[in-house]
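Topology and contacts: notes
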Amino acid sequence: MNPYESLPDTAFWRPAVASRPALEVGPLWQPKWPIDRETRIAAFGSCFARHFGRAVRTRGFAFVDGEPAPATLPEADRRRLGYDLFSARIGNIYTPRQLLQWLQWASGERSPPGHFWTRDGRTHDPVRPGVAPAGFANRAEAEASRRTTLAALAQALGETDLLVFTLGLTEAWRDRASGLEYPIAPGVFADSFDPARDTLHEHRLAEGGDDLTAVLDLLQRIRPGMKVLLTVAPGPMIATASNQHVLVATSGCKAILRAAAGEMARRPDCDYFPSYEMATSPPYRAMFFAPNLRDISAFGVGVVMNAFFGALGLDAVPAPVAETAATRDPDCDEAELEAFAPVP
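Computed from a predicted model, the values in this text were never measured in an experiment.

**Digging into the overall build of the protein**
- A tally of helices and strands in the protein yields 9 helices and 10 strands.
- Against the 2.2 N^0.38 benchmark of 20 Å for 344 residues, the protein shows a C-alpha radius of gyration of 20 Å, consistent with a compact globule.
- Once the C-alpha set of the protein is aligned to its principal axes, its extents read approximately 70 × 50 × 40 Å.
- Buried positions account for 50% of the 344 residues belonging to the protein.
- Taking contacts inside the protein between residues at least 6 apart in sequence as the whole, the part at least 24 apart equals 70%.
- Carbon and sulfur atoms provide 56% of the accessible area of the protein, an area that totals close to 16000 Å².
- Side chains of the protein give 35 positive and 41 negative charges; the mean places of these two sets differ by 1 Å.

As structure tokens, this is what we get:
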């Protein structure tokens, strides 16, 4: 008699994984709480997070959008200006600290930052540079836009039952004096990098856990009973400033984020959805990646979201065919770093 004799097939690699077709491995997730079309879902995070928002909208779920695009804004400009991506127009959030900053500003626990970036006479918001790639006409316009977004975020949080947050990176750039953390390095969208003012910060596991704990505790103060579903973005880092090979840096980054998410999922108000495992584990043989081996293809997104909705008891929908050409994610702030890569 030993403790493994009575375990189900899913506890063993050979019958659960190696002996099954890749697309039949699973189910990999069982929801911790009921989720249905009445559940009001908000989504924030790195580039992969917006797929959740788009999918829940398509499936007829209640997606919380605190800052919808103006009715007069042409369709082609909506995503370019940061609308229709997340539940407020805050752009990509890559680390738990960046999410914590936004929650503190929206809740009034801290004042938003007072400085802005500039380029070619235009003003850029350093905490959401991608939502206005061309910048604002002046500081007053930038401040007014940020106030609108903070009000929209506060409204969205007050209506949310389930917040989906996708963890993306452990490397971040900070203002040395204030500790303010940016989603992208100064000089990429606007301004210029100043080593006396700006510094690279590499989040460690303990920091990630502390920041996520602070996020979850603050969300409970904002809206008691809110649930959080964490995911880890499966896409590798586009670039690293850590002096490591980008493949090694990516492995360390994702290991930290996955461990932090797993620890948080032990809380009753938090769960973890394994989109990262579905894209990167051996049985899938990178079939969900676009030819650039970085972005997740439309086919991969479709399979991952079918797994999510399948666990809720819904039928699968056909996943789009895989792309055959190299792609670049146009909605991802981090994608701007590709422009600085040497030509092979």
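So that's the structure; there's more coming.
**With respect to the state of the cysteines**
- Following the criterion strictly, the structure yields 0 disulfides and no others.
- For the unlinked cysteine Cys253, the closest cysteine sulfur is that of Cys47, found at 12 Å.
- Accessibility expressed as a relative area gives 2% for Cys253, which makes it buried.
- Of all cysteine sulfurs, the one in Cys253 lies closest to Cys270, which takes part in no disulfide; the gap is 18 Å.

**Quick word on the packing of helix H2 (residues 49-58) against helix H9 (residues 298-311)**
- Axis separation between H2 and H9 bottoms out at 11 Å; the angle between their running directions is 60°. Crossing angle aside, the handedness with which H2 passes H9 is right-handed. Residues His51, Phe52, Ala55 and Val56 of H2 lie in contact with H9, whose contacting residues are Val301, Met305, Phe308 and Phe309.

**Observations regarding the sheet that holds strand E10 (residues 270-272)**
- Strand order in the open sheet made by the 5 strands is E2-E1-E5-E9-E10, with parallel pairing throughout. Every interior strand has two partners, whereas the edge strands, strand E2 (62-63) and E10, have only one.
- With 3 bridges connecting them, strand E9 (residues 227-232) and E10 associate as parallel partners. Across the sheet, the residue bridging to Leu229 is Asp271, located in E10.
- Here H2 sits on the sheet and contacts strand E1 (40-45), E2, strand E5 (162-167) and E9; the angle it forms with E1, its principal contact strand, is near 155°.

What counts and what doesn't
- Residues numbered from 1 in each chain as written.
- Predicted model: local features only at pLDDT ≥ 70, side-chain atom pairs only at ≥ 80, totals over all residues.
- Heavy atoms only, no water.
- Helix = DSSP H or I, 4+ residues; strand = E, 2+ residues; numbered from the N terminus.
- Rg over C-alpha atoms; globule rule 2.2 N^0.38 Å.
- Buried < 20%, exposed > 50% of the residue type's maximum accessible area, 1.4 Å probe, protein only.
- Contact = heavy atoms within 4.5 Å.
- Areas by Shrake-Rupley, 256 points an atom, 1.4 Å probe, with all protein chains shown as cover.
- Lys, Arg positive; Asp, Glu negative; His and termini not counted.
- Charge placed at Lys NZ, Arg CZ, Asp CG, Glu CD.
- Disulfide = S-S within 2.5 Å.
- Axes fitted to C-alpha atoms, helices over the stretch in contact; angles between N-to-C directions.
- Left-handed = near helix turned anticlockwise from the far one by under 90°.
- Pairing = 2+ DSSP bridges.

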